[in-house]
Structure formats: C-alpha cells, structure tokens
Amino acid sequence: MEKVLKLDSEYLAQTYKRLPVAFSRGRGIFLWDLGGKKYLDFIAGVSVSVLGHAHPELVREVSNQMKKLIHIPNTVYIREQAELAKLLAGITPGRIGKFFFVSSGAEAVETAFKISIKHTRRRKILAMEGSFHGRTAGALAATWKPSYRRPFKPLLPRVFEFVPFNDLDAAERVIGEGTAAVVVEPVQGEGGIRVVSGEFLRGLRELCDERGALLVCDEIQCGMGRTGRWFACEHWDVEPDVITVAKGLGGGVPIGCAGAKPEVMDSLGTGDHGATFGGNPLACVAAKTVVRIMKRKGLVRRAERMGAYFRRALEEVAEDHDCVREVRGLGLMLGMEVSSEKLAERAVLEVLKKGFLINSTAERVLRFLPPLVVERIHIDRLIEALDEVLKRMEHEGIG
Ligand SMILES: Cc1ncc(COP(=O)(O)O)c(C=O)c1O
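As the structure is a prediction and not an experimental result, all values here were calculated from the model. Residue positions within a chain follow its written sequence, with the count starting from 1. Owing to the predicted nature of the model, reporting of local features is limited to residues with pLDDT of at least 70; listing and counting of side-chain atom pairs is limited to 80 or more, with chain, interface and lining totals taken over all residues.

## Looking at the site of the ligand
The C-beta atom of each residue is placed using the backbone, and any residue whose C-beta lies within 6 Å of a molecule or strand is treated as near it. In the vicinity of the ligand lie 15 residues, with Gly105, Ala106, Gly134, Ile220 and Gln221 positioned nearest. Helix and strand assignments follow DSSP, with helices taken as H or I runs no shorter than four residues and strands as E runs no shorter than two, numbered in order from the N terminus. With three residues, the single largest contributor to the shell around the ligand is helix H5 (residues 105-120). For this scheme, ten residues count as nonpolar: Ala, Val, Leu, Ile, Met, Phe, Trp, Tyr, Cys and Pro. Four count as charged, namely Asp, Glu, Lys and Arg, and the remainder, Gly too, count as polar. Taken together, the residues that form the shell around the ligand break down as six nonpolar, six polar and three charged.

Right, here's the structure in full:
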C-alpha cells in the first residue's frame, strides 16, 4: 500500500480525494484489498458494477470476444453495435429507438447536447441546480457546482441556464423559444440523492412539448435498473426525447450512449459526430451480456425489492440517531443526509475500517449504490456497522 501511495503522489494528477485503500480483486459484492482483507462494496464503482465483480458469464463473454475482435473502426459496420442498439431500444422508455455509442458518461451528455442543438436549431439549454453531468466542456457547463466550473470558465459554452431542481414555476419562466433542451437527472446522484417530483418531471415534459424544446433525461447514474425500473423516468411515465446512459451499461467495461427518438437522432447526419472507441465490439458484447443477465435474473425488480428493504433499515437507523437528517432515494440508489460534512467523512472512513465501501457526496450525504445482486444479509451487516459507527461518533460529540 505504501508503494502505491508513493507512486500515486509522484506520477498521478492529484484530482481525486481517495480513501486509504487499494483493491486487488473482487467477486460479487466482495472486494479484497492488497493485504487480503475482505470488504463489501456498497458503491459499485459509483453505480457501474451492476452485476458485482468478476461475474463469470460477463468474464467469459468478454474474454471470448477479446480473442475474436477487440476493436474495429466505425468506418465499417459493427454487428455487435447494431445488435446492442436493438436490445436497448427494447428497454429504453417510450419511442427512444436510435443510439450513438461512446465510452463515458460525459461523452454521452455531449452527444445529447449536440443532438438537441442540431435538431431544434436553437442555442439555449436549461439545467438544474444540484446537477452533475460530467467534466468535459459542455457537460461541465451544465453541471451546477460553481467550484467545478469556475476555474475553467474560458472553456465553457455560455448557453446554459439553471433553475432550482423541482421548481416548475422557475422552469416555466425560463423555457422559451430559444430553448433547445431541458436536461434533468430523475434522481440527482452527485447532487445528494435527490429524487425529482412527479409534478416537476411531468411539468417539464409538457413545457417542452408546448415550447418545442427537447427533454433530455440523464440516466447515467440512476439508469440501468438501479431504481427499480430500467430507467428512473419510468416511475413517472415520462418519456424523454433523448436519454443518456453509461456507468452500469457495460458492467465495468467503458461504454455509454445517447439514445433518442428516431426522428430526433436522424437530425445528426454523416460527419456530425464520431468517437473512435464508441461502440467497439468488446464494449458492445459486454453491454449485451449485462442486459441479458439483468433480464434473465430479474435484477430490475430485485433492485426495487432490495431497495425497499435497505431503505427501511436505513430509516430505522435514522430513528436512533439525532445526527441523521433524512433518508432518501429510489430502489438501490439511496442517501442518508447527516448533520455535517465532518461527520459524513468520518463515517465513510470508520465503516471502511469495518470492511464496507461507501462514499459521501454533496458534502454530507452518505451514498449507497450497491451492485444489484446485493443480498439482505449484506445489507444487514452494513446496517449493523453503520449503527455502531454513528453511535460512537455521537458519543464522541462529532456532529
Ligand atoms: C448523472 C451523471 N451524468 C454524467 C456523469 C459523467 O459520467 P463520466 O464520469 O462517465 O463521464 C455522471 C458521473 O458521475 C453522472 O452521475
């Protein structure tokens, strides 16, 4: 571990606030650190490892594909990409039916913005306070946290406006003839596990229809079954015009996409967009395998059931501790807001010592995003550890 710390500080950009641990392998919900200590993973690579680690079928399919063809450029037809798009058309909401593949969430968001600008021939995009859409220029410009944006201001396009999340009156005042798109996370992840209200999301849909703007749902963190629906917007029967997907899609193999209604995607013509790695055979086979396993194992419904169990358990913990302000979330995307940033940071470190990986976001929200294969017994163990840690910290007067 010492050696890794030294190499990290000497050779890596120091942009991440890392927990003091490094892992050498994983299996299901379990991880083992460099010294062989076992942990339970309740963050899943931040909503990535939906099947847990080293899922045998995913490993087999990806290994087989590696032996056949890892990469081929988008200058030729790619069978695996076309097949994956068909599969996604079957699980994405409403008439979302055509896809452009990329390798990360931010790229998916950039793609969604390009589609929106080209389709509507307008130039404004409305985003939400508390949003997070990524670190590339367009995605960053749509990201709320001023400290993320400020140092890079010269790079950021000035087409974005923000309104408070869940404030329909504010949105109504801003969406106008120049609005190309409204972008919203149905559950804000980095923003502190904040769930959209049905009234707001449905209201945005109506306003977009009325005023000719596109509704873009960023499902990069809350999609792929995590909330108990394939995509979180389905909880409110809202059909977006454009959707962004990444993180869980490849189960850890980097792949993302923007999906759109066919007539919307068709606004992009030859040469309008491209991505060297986007939708290569390896990544597409991984994603096809993830979707197939999720369907066969019923992991979406399972996320709803396990999420309800987990939430109840967190609420019981909350009742016993004054430092807990609120428990919120949907399915297996859950947050526990505590009284201070210091307490949140310490809690993450203390549960880590007990063998559980969680994280905190939006300063003081403990975030839980376990693999969708998590079992009750794993949840019970985390809850016991969390309860002990909060008890001890309250006793020590941290809060
Ligand atoms: C909602 C949302 N959009 C976009 C992104 C950016 O994804 P990536 O880090 O893969 O670029 C994230 C990452 O956390 C996210 O949560």
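## Quick look at the domain arrangement of the chain
Each assigned domain of the chain is listed here: domain 1 (2-54 + 298-395) and domain 2 (56-297). Once C-beta atoms have been placed from the backbone, residue pairs whose C-beta atoms lie within 7 Å are recorded as contacts. At the junction of the two partners, domain 1 supplies 28 residues and domain 2 supplies 28 residues. Those elements that place two or more of their residues in the side of domain 1 that touches domain 2 are helix H2 (44-47), helix H12 (299-320), strand S13 (324-330), strand S14 (333-338) and strand S17 (365-368). A breakdown of the residues in the side of domain 1 that touches domain 2 according to their chemical character gives 15 nonpolar, nine polar and four charged. The domain boundaries here were taken from an automatic or database domain assignment.

## Here's the deal with the sheet that holds S13
A sheet is described by the order of its strands in space; here four strands give the open sequence S13-S14-S17-S16, paired in antiparallel fashion. Edge positions in the open sheet fall to S13 and strand S16 (359-361), since each of these has one partner strand only. Across the sheet, the axes of successive neighbouring strands diverge by a mean angle of 30°, strand direction being ignored. A strand pair is defined by DSSP finding two or more bridges across the two strands. Bridge count between S13 and S14: six bridges; the pairing is antiparallel. With axes taken as lines fitted to C-alpha atoms, and helix axes fitted only over the stretch in contact, angles between N-to-C directions fall between 0 and 180 degrees.

## Focus: the pairing of strand S10 (residues 214-218)
Here the C-beta atoms are placed from the backbone, and a residue counts as buried if at least 20 other C-beta atoms lie within 10 Å of its own, exposed if 12 or fewer do, and partly exposed otherwise. Burial of S10 is extensive: five of the five residues sit out of reach of the surface. Neither face of S10 is exposed, since Leu214, Val216 and Asp218 on one face and Leu215 and Cys217 on the opposite face are all buried. In terms of strand pairing, strand S7 (residues 179-184) meets S10 through four bridges, oriented parallel. Within S10, the position partnered with Val182 by the bridge is Leu215.

## Describing the nonpolar core
When buried Ala, Val, Leu, Ile, Met, Phe, Trp, Tyr and Cys residues are joined through C-beta atoms within 7 Å, the set is termed a nonpolar core. Counting 122 residues, the largest nonpolar core has Val182 and Ala286 as the members making the most contacts within it. The element contributing the most residues to this core is helix H11 (residues 281-297), with nine residues. In terms of domain composition, this core takes at least three residues from each of domain 1 (2-54 + 298-395) and domain 2 (56-297). If near-sequence neighbours (up to four positions away) are discounted, Ala286 is found in contact with Leu58, Val62, Gly250, Gly251, Val253 and Ile255.

## Overview of helix H9 (residues 198-211)
Expected helix span is computed as 1.5 Å times (number of residues minus one). Counted at 1.5 Å a residue, the expected span for H9 with its 14 residues is 20 Å, and the 20 Å between its end C-alpha atoms agrees. Along H9, the positions that sit buried rather than exposed are Phe200, Leu201, Leu204, Arg205, Leu207 and Cys208. Taken down its axis, H9 places every buried residue within 170° of arc, on the same side. Exposed and oriented more than 90 degrees from the buried face of H9 are Gly198, Glu199, Asp209 and Glu210. Two residues or fewer after H9 comes Gly212, characterised by a positive phi angle close to 75°. The arc in question is formed by the directions pointing from the helix axis toward the C-beta atoms.

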